[in-house]
Amino acid sequence: MTIENVIREHMGAMCEKIAAFNNTGYSFEEWINWELFYALSKAQIDVLPKPCYKEYSKDSPKSFGDLLVENQHFIEVSLIHDSTQNKWIEKI
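Residues numbered from 1 in each chain as written. Predicted model: local features only at pLDDT ≥ 70, side-chain atom pairs only at ≥ 80, totals over all residues. Heavy atoms only, no water.

### Structural notes on helix α3 (residues 29-42)
Where we set the bar: By definition, any uninterrupted DSSP run of H or I lasting at least four residues is a helix, any uninterrupted run of E lasting at least two residues is a strand, and each is numbered from the N terminus. Expected span of a helix, by definition, is 1.5 Å for each gap between consecutive residues, and there is one gap fewer than residues. In this scheme, a residue with accessible area under 20% of its type's maximum is buried, one over 50% is exposed, and one in between is partly exposed, where area comes from a 1.4 Å probe on protein chains only. The directions considered for the arc are those from the helix axis to the C-beta atoms.
The end-to-end C-alpha distance of α3, which contains 14 residues, comes to 20 Å, matching closely the 20 Å that a straight helix rising 1.5 Å per residue would cover. Among all positions of α3, only Ile32, Asn33, Glu35, Leu36, Ala39 and Leu40 are buried. In an axial view of α3, the angular spread of the buried residues amounts to 165 degrees, which keeps them on one side of the axis. Following α3 by one or two positions, glutamine 44 has its phi on the positive side, about 60 degrees.

### Focus: unusual backbone geometry
If you check the backbone angles, glutamine 44 has positive phi at about 60 degrees while not being a glycine. Looking at the element boundaries, glutamine 44 is found in the loop between α3 and β1 (47-49). Of the residues examined, glutamine 44 reaches a relative accessible area of 73% and is grouped as exposed. We note that lysine 50 has phi near 55 degrees; this positive angle belongs to a residue other than glycine. Checked against the element boundaries, lysine 50 lands in the loop between β1 and β2 (67-69). By relative accessible area, lysine 50 is classed as partly exposed at 38%.

None of the figures reported here should be taken as evidence of function without further support.
Below is the structure:
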């Protein structure tokens with residue numbers, strides 16, 4: 001199964017839960033990161049949480065990423081909803 005299919009299948013099954021979390025107005029990005037980590041790991045896809053960007057690029061402005069998949073794909077999760085402040089929208 002491809003990375004995309006694993007993510008689509010796992011997170012797609014959680015639409016109702018994600019909608020409920022969204023309605024709280026609070027961030028749940030970290031939860032999504034761990035759900036993705038779990039799904040990819042379960043599918044036996046090599047995944048590393050909290051990879052250090054500095055190991056891959058000395059010029060990286062950010063210290064840590066969300067996930068590194070198959071030692072070549074960074075996954076960054078950003079979440080915006082009705083309660084998100086504008087500073088985060090610009091960052092994303």
